[in-house]
Each structure stands twice: as structure tokens, then as C-alpha cells.
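The primary structure of each chain is shown beneath.
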Amino acid sequence: MALLNLGSKSEAFCCEGQTWRCKSGLPSDITIEIGEMSFYLHKFPLLSRSGLLEKLMSESTKEDGLVCVLQLTDIPGGAKAFELVAKFCYGVRFELTPLNVVSLRCASEYLQMTNEYGEGNLVAQTEAFLNDVFGNWTDTIKALETCEEVLPHAEELHIVSRCINSLAMKAYGDSKLLNWPVMENSNDNTAGSDVWNGISTGTKSQPMTDDWWYEDVSFLSLPLYKRLIQAVEAGGMRPENISGALVFYAKKYIPLMNRQASFKDASHAKSASTPSEADQRALLEEIVELLPKQKGVTETRFLLRLLRTAMMLQVSPSCRENLEGRVGLQLDQATLDDLLIPNIGYSVETLYDIDCFQRILDHFLLLDQASAAASPCIMEENQLVEGNQSLASITRVANLVDSYLSEVAPDVNFKFPKFQSLAAAIPDYARPHADGIYRAIDIYLKAHPWLTDIEREQICRLMNCQKLSLEASTHAAQNERLPLRVIVQVLFFEQLRLRTSISGWFFVSDNLDNSQNLSGGMGQHGDNTRQGRGSSIEDMRGRVSELEKECNNMKEEFQKLVKTKRRWNIFCRRKSQCNSKSGKPSEAATCPTFPKIH
């Protein structure tokens, strides 16, 4: 830390309670009162250095023999700063440091301690020392922190702006230009050691990373920190570094962002030095405004934690919309756990905030549509040519939506229109497989057995039966919760897929046979090969005929199943009508379940 010794005399003052006296033995002829502190001093050392004190003394002294009493309630730095001013006027030795130079600079300006009242006066001394302070990173931060005590005067003298500009230049500049220990690429014995002014310290230097300044500036108050961030941004710092600094600052001063801490822990820690919710709310809103707008610069997980905390702190609607838009911009980088935001409010319907996820998804799809419209390439079914949003991006979001629906589907308060809206928002080409949406539909049907037949039909239209895997198709064919029309479609597409694969195999086999017939002049070994292949083809044809028989048997069993269900529906409906007329309870719930198809 930089130091400057001023004065040469030994200590000549003593403090007794709220009284500060000079030990020279001469009677005091002036009393200066600052708050509750009284300074009993002498006129000549003061008026010879301060223009303001000279003026006030001349105005207040009217009669001889009376002690002059002055009140300096507005002096920057208060009694502590004036104590150093008095020592300077008396020539008493004291140290000028980054921790007291700002208040002394402001106090000397207030007291008009310029060179007109003596060469090397306090204004000149403190100004010269400030220039030395600005050359050192740590000293500049200490000086900037002390500006809070005398902020209006420090702003007027441009001390705050000079501190911030000095820090900003060092933050986005080259660390080798900051007069700090650096690595020297030489072949002598000092290579690999810290070198300070050409002298080897014998210690190995650690590589400087981009986040070296995050913690140092995190001790600044929010207004000063905000100005520093704006200064480094204007200086051309990379957005990733700016975002990293803001993330560090937010995690330090917004305790509610800690997902591991419970509300009980948070209330217990509030008695310590935890900021109030109002302060955290103001800080969060400022950080959201300062975060870089570019996609991918700020981690999606942090944005979602910020959004979750914003809802807990009840930030302004504009701040919440800003965060939702940022998350929507990079929704493809999110994870399911981070998107499961608890529903916080007075009228809580669902466990998770599904409306928030819907708005985030709408932001993503809106950007996807805009990028597709701006792209000169043509988008066809099952194909999305490169653009701002790639096919891989929207496919990841589709999988995310299906997983999210599966997670929230068991909630009995999850209304059918919301489920339908979320699932239908994803275009069909974005789902190369329909297993995810089928799983979500099945879970939702199981948790909502009261859905009408029309609603079941509508919800099943959200999946493409042609894109179901073999395992999902097998499960769907035996799923009693699905409408019969859907089961028929599943069986039809499975049979169609089987015929297509078999036809393709026969096509390849016929081509192989033709190629073997065209290659003449083969020996006995070639004949044996053809005979072996012919036998394998006959075996395959036999297997195909068996599969066709099995498919026909399945179709017959399914037709019987359909007829049985229709009869039971008619019987249950008539039975319900008879019970309603006779006043007996309905026995529709006792209808047997349908057998599974094997």
C-alpha cells in the first residue's frame, strides 16, 4: 500500500473524551466545533494554511480578548479528517494513505488549503498522492471505497470517476502493463520466477486468468459497481467477462439465489449481515439490466436461478419478462431440473409454474420462426437447413418439452388446455421420435381418468403414431387408456412397417440372386453357395408367412375386442339410464377391464 509521510514534529495533541487539545502549553485562542468534538487550537497555524478559516476568523472576531468559536459541521470527513488537517497545519508527523487521502483531499478543498496559503499546501499534497494511488490496483479500490463517506464532494472533484476509469483500464488491459510481477521468458536462473523491478523474488508466478478482478471489485457498493461495469463495457471488455463478474456479485449479495438453503436457513441468516429483501430486489433488477444481451454469454442455469429468485422477491413485471426472454433465447441449453420452477403466489393451482414455462417456450419459438423466415433456405418436412436456430436446437427443446410434460402430468390440477397448448407448440418435424410425447400423454391420462372421450381423442392427436418405436408401439397396442382409434392406428403402422422391411429384404435378396446368375463360369463352390442362399431364402419366406398369420390373428382378436367394448358401452349406458330412473347407484365403474393383446 502506498504511503506518504507528512510533517516532521512529534505528536503535540491529546484527546480527552470529546475534547482535542494542543500540548504546546500556550493558551488556546480558537475553538472549532465539529459535531460533538471540540478542538482547542491556535489561530496562526490555521489561518496561515486555510483561506476559509482566515475568512471565518476575521468575520467572527469583533472584540479583543474573546476566544473565537467556529462551527464546521459541513466539513467532508468530519472530525476525523479535521484532526489530520490540524496536524498538517502544525507540522505534526502523520501518514497519508489510500484510506484517508480522499477525505483529506475533499476537506482541504473545502478549507481552501491551496498554494496561495503556503507552498506545498494540503491540496497539492493530496492531489499528487492521488495520482500515485491511481497507478496501483489495490490502492485505487481502497480509495474508491472511501469515496462513499464524502460522495458529493468526491464527485465534484471527479475523484470517483478517476478511480473508476483507472480500475476499468486495468481490468480490460494487459496485466503485464500494470507494474505487477510477471513471468520473464529468459534463459537465466531467474526464469520461471516472479521479477519485481528486475529483482527475482524466487517464487513462481501463477498464470493470470480473466476472472482475477471479480472478487476485488465485489466489495464496492451497488452504485459504484454499476458504474465500473459500464466503464469496462465501454472499454471493450468481452461480454463473457462482464457476465462472469455480475454472476459473482449476484451470488455474493443475493442469498436467496442459493437453491440449497431453505427458508428457515435464510431467516436464520437474516439476523447476521444478510441484505433485506428490498435491497436484494433492487440489486437483482440492476444486475438483470447490466447482463449482456448476447445469446450464450450468461449461463442458462444462472438465468433460471435468477428468475426463480426474482419470483420469490416479487420483482417488477418488466424485470421478470426480461429474464424470461433471456432464458427463451437459449432454451435449448437448459436442463429439466432448472425449468421446474415452483409456483409462488396466493392462488397456487399447480405445483410448478407452468405458465412461466409456456412464456419461455413462446419466446424461443418466436425467435425460431423469425430466423426461419429470415433464412433464404427452404424448410421441408423432416428437414431444417442451417439458420440461426438449427434443427438440433429445436429438437433439444422438443425433448425438453416432452420431459417437462411427463414431470408435471401427474398434477391433478394441470388443466387439459394447458397440456394441449404446450404439447402442440412443438412442430411435428422437431420430434424425430414420438416416444417422449407418448409417455407424457400416458401419464396424463392415468392421472386424469375423468377426461371425456373427445378430450382423449384430442390429446392423442398430439403424437405421431408412425414415429413410435417398437417398444412404445407394443405398449400402446395394449394400453387400455388410449382410444380404440389410436390403438388401430398403432397396429396398422406396425404392420405397414413390417411389410416395408420385409419387402426391402426381398428386394436385396433378389438383386443378389440376379448378380449371382449373371456371373457365369463359376465352379462347384459357386453352386453350393447358391444352394445355401436359396435354402436361407426359403426359410425367410416361411418366417414371413408365419408373421403374416400372426398379424391376421391379431387383427381378428382386435376386431373382437372392438365389438366387445361397443357392446359393453351400450350395456353400461342402458344400465346407467335404468339406474337413474330407479334411483339406484350406477354400476358403470364395475365394468370389467379389457384383456391385453399379446
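Positions within a chain are numbered from 1, following the residues in the order the chain's sequence is written. Reporting in this predicted model follows two pLDDT cut-offs: at least 70 for local features of residues, and 80 or more for side-chain atom pairs to be given and counted; totals over whole chains, interfaces and linings ignore these cut-offs and use all residues. Neither water nor hydrogens contribute to the side-chain values; these are computed over all heavy atoms in the structure.

Comments concerning the overall build of the protein
Within the protein, the secondary structure is distributed over 24 helices and 10 strands. When the 598 residues of the protein are sorted by exposure, 40% land in the buried category. Residue contacts are defined here by distance: any two heavy atoms, one from each residue, within 4.5 Å place the two residues in contact. A separation threshold of at least 6 residues defines the contact pool for the protein, and within that pool the share at least 24 residues apart is 69%. For helices the rule is a DSSP run of H or I covering at least 4 residues; for strands it is a run of E covering at least 2, with both sets numbered from the N terminus onward. Burial classes follow relative accessibility: with a 1.4 Å probe on protein chains only, a residue under 20% of its type's maximum area counts as buried, one over 50% as exposed, and anything between as partly exposed.

Some details on helix H21 (residues 453-460)
Owing to its 3.6 residues per turn, the α-helix brings residues three or four apart onto one side. Regarding H21, the residues found buried are Arg456, Ile459 and Cys460. All buried residues of H21 project into a common sector of 95° when viewed along the axis, lining one side. It is the directions from the helix axis to the C-beta atoms that the arc portrays.

Section: the packing of helix H3 (residues 78-90) against helix H4 (residues 101-110)
Two measures define how a pair of helices packs: the angle their axes make with one another and the distance between the axes. Axis separation between H3 and H4 bottoms out at 9 Å; the angle between their running directions is 75°. Relative to H4, the element H3 is oriented roughly perpendicular. Facing Ala81, Leu84 and Val85 of H3, the residues of H4 in contact are Ser103, Leu104 and Ala107. Of the residues in the contact of H3 with H4, the class split is five nonpolar, one polar and no charged. To define axes, lines are fitted to C-alpha atoms, for helices over the stretch in contact only, and angles between the resulting N-to-C directions are given on a 0 to 180 degree scale. Throughout, the term roughly parallel applies to angles under 35 degrees, roughly antiparallel to angles over 145, roughly perpendicular to angles from 65 to 115, and oblique to all others. Here the term charged refers only to Asp, Glu, Lys and Arg, the term nonpolar to Ala, Val, Leu, Ile, Met, Phe, Trp, Tyr, Cys and Pro, and the term polar to all other amino acids, Gly among them.

Describing the nonpolar core
One finds Ile32, Leu41, Phe82, Val102, Trp213 and Leu284 to be the most contacted residues of the largest nonpolar core, which totals 148 residues. Where each domain begins and ends is defined by an automated method or by a domain database. Residues lining this core come from more than one domain, with at least three contributed by each of domain 1 (4-157) and domain 2 (212-260 + 277-318). Not counting the four nearest positions on each side in its chain, Ile32 is found in contact with Met37, Ser38, Phe39, Leu46, Leu53, Leu70, Leu72 and Phe82. Among buried residues, the Ala, Val, Leu, Ile, Met, Phe, Trp, Tyr and Cys ones that are joined through side-chain atoms within 4.5 Å form a nonpolar core.

A look at the sheet that holds strand E6 (residues 68-71)
Two pairing modes exist for strands in a sheet, parallel and antiparallel, and in both the strands are linked by backbone hydrogen bonds. Any two strands between which DSSP finds at least two bridges are classified as paired. Taken together, five strands build an open sheet; the order of strands is E2-E3-E5-E4-E6 and the sheet is mixed. The open sheet has two free edges, formed respectively by strand E2 (13-16) and E6, since each of these has just one partner strand. Within the sheet, the average angular offset between the axes of one strand and its neighbour, ignoring direction, is 20°. Looking at chain direction, E2 and strand E3 (residues 19-22) are connected through four bridges and run antiparallel. From the neighbouring strand, Cys15 faces E3, where its bridge partner is Trp20. Relative to the sheet, helix H2 (residues 51-60) contacts strand E4 (30-34) and E6, its axis offset from that of E6 by approximately 130°. Running over the sheet, H3 touches E2, E3, E4 and strand E5 (37-41) and is turned about 10° from E5.

A word on the packing of aromatic side chains
Each Phe, Tyr or Trp ring (for Trp, its six-membered ring) is paired with any other whose centre lies within 6.5 Å, and the angle between the two planes then decides the class: stacked below 30 degrees, edge-to-face above 60, tilted in between. The tally for this structure, following the rule as stated, stands at 10 aromatic pairs. Here the aromatic rings of Tyr225 and Tyr249 are separated by 3.9 Å at their centres, their planes lie at 15°, and the arrangement is stacked. With Tyr225 in helix H10 (residues 222-234) and Tyr249 in helix H11 (residues 239-253), the pair connects residues that are 24 residues apart, well separated along the chain. An identical accessibility class is assigned to Tyr225 and Tyr249; each is buried. For a lysine, the NZ atom is tested; for an arginine, the CZ atom; a charge sits over a ring if that atom is within 6 Å of the ring centre and within 35 degrees of the ring normal. A cation over a ring is seen here: Arg21 above Tyr40, with NZ or CZ 4.4 Å from the ring centre.

Things to note about H11
The length a helix should cover is 1.5 Å for every residue beyond the first. For H11, with 15 residues, the first-to-last C-alpha span of 21 Å sits near the 21 Å given by 1.5 Å per residue. Among all positions of H11, only Asn241, Ile242, Ser243, Ala245, Leu246, Val247, Tyr249 and Ala250 are buried. Close packing links the buried residues of H11 with helix H9 (214-217), H10, helix H13 (277-290) and helix H14 (300-313).

Concerning unusual backbone geometry
Despite not being glycine, Gln112 has its phi angle at roughly 60°, a positive value. Looking at Gln112, the relative accessible area reads 37%, which means it is partly exposed. Despite not being glycine, Gln314 shows a phi value in the positive range, around 55°. Assessed through its relative accessible area of 56%, Gln314 is described here as exposed.

Topic: the pairing of E4
A regular strand places its side chains on the two faces of the sheet in alternate fashion. Burial within E4 is extensive, with four of its five residues counted as buried. As defined by bridge partners, E4 adjoins E5 across five bridges and the pair is classed as antiparallel. From the neighbouring strand, Ile32 faces E5, where its bridge partner is Phe39. Between the antiparallel neighbours E4 and E5 lie two residues, among them Gly35 with a positive phi of about 65°. Pairing analysis gives four bridges linking E4 to E6, with the strands arranged parallel. From the neighbouring strand, Ile32 faces E6, where its bridge partner is Leu70.

A look at the pattern of salt bridges
For this document, the term salt bridge refers to a Lys or Arg side-chain nitrogen within 4 Å of an Asp or Glu carboxyl oxygen. For the structure on display, the rule yields 17 salt bridges. Across the salt bridge formed by Glu155 and Arg227, the nearest N and O atoms sit 2.5 Å from each other. Here Glu155 is found in helix H7 (residues 151-156), whereas its partner Arg227 is found in helix H10, with 72 residues between them in sequence. The exposure class of Arg227 is partly exposed, given its relative accessible area of 29%. Residue Asp332 is joined to Arg396 by a salt bridge in which the shortest nitrogen-to-oxygen separation is 3.3 Å. You can see Asp332 sitting in the loop between helix H15 (317-329) and helix H16 (336-339) and its partner Arg396 sitting in helix H18 (residues 391-408), a full 64 residues away along the chain.

Such coordinate-based values are descriptive only and should not be taken to indicate function.
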